[in-house]
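# Close look at the chain arrangement
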Amino acid sequence: MDCLDPPWCPFGHFELFFLAFTRTSRSVWFSVFAPCVAESTPPENQTSLHENTIDIGRRGTSCQVRRVGLNHDRYMKEAIVEAHRAQDVGEVPIGAVVVKGDQIIGRGHNLRETDQDPTLHAEMVAIRQAARSLGSWRLTECSLYVTLEPCPMCAGAIMLARIDRVIYGAADPKGGCAGSLMNLLQDPRFNHQTEVVDGWMNEECGELLTGFFRELRARKKRKG
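Thresholds applied
- Residues numbered from 1 in each chain as written.
- Predicted model: local features only at pLDDT ≥ 70, side-chain atom pairs only at ≥ 80, totals over all residues.
- Heavy atoms only, no water.
- Buried < 20%, exposed > 50% of the residue type's maximum accessible area, 1.4 Å probe, protein only.
- Helix = DSSP H or I, 4+ residues; strand = E, 2+ residues; numbered from the N terminus.
- Pairing = 2+ DSSP bridges.
- Disulfide = S-S within 2.5 Å.
- Axes fitted to C-alpha atoms, helices over the stretch in contact; angles between N-to-C directions.
- Parallel < 35°, antiparallel > 145°, perpendicular 65-115°, else oblique.
- Contact = heavy atoms within 4.5 Å.
- Nonpolar A, V, L, I, M, F, W, Y, C, P; charged D, E, K, R; others polar.

### Quick notes on the pairing of strand β5 (residues 95-100)
- The buried fraction of β5 is high, at five of six residues.
- Taken together, the six bridges between β5 and strand β6 (residues 103-109) define a ladder with antiparallel strand orientation. Residue V98 lies in a different strand from β6, and its bridge partner there is G106.
- Between β5 and β6, which pair antiparallel in sequence order, lie two residues; one of them, G101, sits at a positive phi of approximately 65°.
- Pairing of β5 with strand β7 (residues 142-148) involves five bridges; the strand directions are antiparallel. In the sheet register, V99 faces β7, and the bridge partner there is S143.

### Considerations on the state of the cysteines
- Under the definition given, this model contains zero disulfides.
- The thiol sulfur of C177 is not disulfide-bonded, and the nearest other cysteine sulfur, from C151, lies at 7.1 Å.
- Looking at C177, the relative accessible area reads 2%, which means it is buried.

### A few points about the packing of helix α1 (residues 72-88) against helix α5 (residues 202-223)
- For the pair α1 and α5, the least separation of the axes is 10 Å and the interaxial angle reads 10°. In this view, α1 runs roughly parallel relative to α5, as classed from their interaxial angle. Listed contacts from α5 to M76, I80, A83, H84 and Q87 of α1 are E204, C205, L208 and F212.
- Of the residues belonging to the contact of α1 with α5, the class tally is six nonpolar, two polar and one charged.

Laid out in structure tokens, this is it:
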């Protein structure tokens, strides 16, 4: 029996399936009132789980990323804003933000040259601010967005802070420790592994760095 469109069909969004399978003369199996499998359009502010699930794989590493309420573009753009702030003060343009829920709880950009401190990478600054915001060094249920793949120092800090997820833009083939040279963040020998999403807004993040070093080389050439 076909379930027709309302108002004729009394079952609304359900379709009646009547299946009979005779195994013995005494046993008849029925399946009734199976839910209709027709897909419905989700509300404007809601997306389906299928749409929220993407598969990202690079350099032999694959992971399933479930974007539960997270807007990667939005937060990576905030990290790019921080990278521009670094560039404005003559630093290599790298920026980072730490997000918990839908709130940015930590921001940072590269300040290594400004303060002559080798630990003041964007991730380190953002992690310190996030820890102060929460009043705890444990940054569980937090995500870190950074425009450049984390170095060994920053990857170590991310693990020690128990950050759940790292989303980075441009890869760093000379110093990246989230998949390029090695993957410290997902090494099973450590007691904490971090989900990694690589290459998010890769072109925008990469252009920041290439443009900065292009200008730096041109400036040195003019002086020379």
